[in-house]
Amino acid sequence: GKQIRKLWKIQHFFEEFCFGKRLWFAAKKTRDIVWKAAERCLFLCKTPVETKVLPSSCKQKRGKEMQEKTKTWLSEFFILNFGTLLTAIGSYFFKFPNNFSTGGVTGISVVLAHYYPQLSNGTIVSVINIALMVVGLLLLGKEFGFKTFYVTIAFSAMLKIFEFAFPMTQPLTDQPFMELLLGVFLPAWGSALLFNIGSSTGGTDIIAMVVKKYFKC
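Only a predicted model underlies this, so the values are computations on that prediction, with no experimental measurement involved.

Draft legend 1. Focus on the overall build of the chain. Looking only at helices and strands, one finds seven helices and zero strands in the chain. Reading the chain from its N end, one meets helices and strands in the order α-α-α-α-α-α-α. Counting only contacts in the chain whose residues sit at least 6 apart along the sequence, the fraction spanning at least 24 positions is 73%. Here the chain displays about 14,800 Å² of accessible surface, and carbon together with sulfur accounts for 69% of that area.

Pasting the structure below:
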């Protein structure tokens, strides 16, 4: 502040001197020199503050953005696996042993497995899901296709693990109505969780997502 006031006094003195002598060119040059010196002083005064504050604030902002992205990714990853697990449990432990054909790819697999006993339900589900997944990639975009691809692979893998670890030759209980409720409720819950993050278990869920996107249902 003191340096700028001194510069203004020097400018005022030279202007009075130069205008008094009618040296217009010298007065103009003096004014330009003083203005440049004043700008230089202001720049030097602001530079240390900016170099100290701006980078730290930018780092904090970037850090918060990275934390938010990480939290979002972890939450979506958890929902993907949890929703897939619910669907696999409901299908394998309650639908397949009771031969409940409730619709969708799992229902189709129950019917086909009855006529082709050499094929397991998990194999039939995987083949149909891969075919419909290609349709989803073409019509719904890469992001949906990636999530659904992961869920389809995880769903098929869970069914295979259940077939190996818990072979089912008969229903769990002698209450078919209760098992029907669980066989419908658990996959429906898992599918709803996946739908909310723009994914699907594959199969006819992909058809539903296509209808929702293009017909605004």
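Draft legend 2. Up close: a nonpolar patch on the surface. Where nonpolar side chains cluster on the molecular surface, the patch consists of V134, V135, L138, L139, I207, V211, Y214 and F215 and spans about 760 Å² of accessible area. Of all the secondary-structure elements, those providing two or more residues to the nonpolar patch are α4 (121-140) and α7 (204-215). Here L139 lies in helix α4. When its relative accessible area of 34% is taken as the criterion, L139 is described as partly exposed.

Draft legend 3. Spatial organisation of the pattern of salt bridges. Inspection of the entire model under this criterion finds two salt bridges. In this structure, the salt-bridge partner of E76 is K147, at a minimum N-O distance of 3.6 Å. Here E76, found in helix α2 (residues 24-98), pairs with K147, found in helix α5 (residues 142-165); they are 71 residues apart in sequence, far enough to count as distant. With relative accessibility at 27%, the residue E76 sits in the partly exposed group.

Draft legend 4. Structural view of the packing of helix α3 (residues 104-115) against α4. Closest axis-to-axis distance for the α3/α4 pair is 9 Å, and the angle between their directions is 135 degrees. Taken as axis vectors, α3 and α4 run oblique relative to one another. Two packed elements cross with a definite hand, and for α3 against α4 that hand is right-handed. For the pair α3 and α4, contact is made by V105, T106, I108, S109, V110, L112 and A113 and by N121, I124, V125, I128, N129 and L132, respectively. Of the residues contributing to the contact of α3 with α4, the split by class is nine nonpolar, four polar and no charged.

What counts, and at which threshold
Residues numbered from 1 in each chain as written. Predicted model: local features only at pLDDT ≥ 70, side-chain atom pairs only at ≥ 80, totals over all residues. Heavy atoms only, no water. Helix = DSSP H or I, 4+ residues; strand = E, 2+ residues; numbered from the N terminus. Contact = heavy atoms within 4.5 Å. Areas by Shrake-Rupley, 256 points an atom, 1.4 Å probe, with all protein chains shown as cover. Patch = residues over 30% accessible without salt bridge, like charges linked within 9 Å, V, L, I, M, F, W, Y side chains within 5 Å. Salt bridge = Lys/Arg side-chain N within 4 Å of Asp/Glu carboxyl O. Buried < 20%, exposed > 50% of the residue type's maximum accessible area, 1.4 Å probe, protein only. Axes fitted to C-alpha atoms, helices over the stretch in contact; angles between N-to-C directions. Parallel < 35°, antiparallel > 145°, perpendicular 65-115°, else oblique. Left-handed = near helix turned anticlockwise from the far one by under 90°. Nonpolar A, V, L, I, M, F, W, Y, C, P; charged D, E, K, R; others polar.

As far as function goes, none of this settles anything; it's purely spatial.
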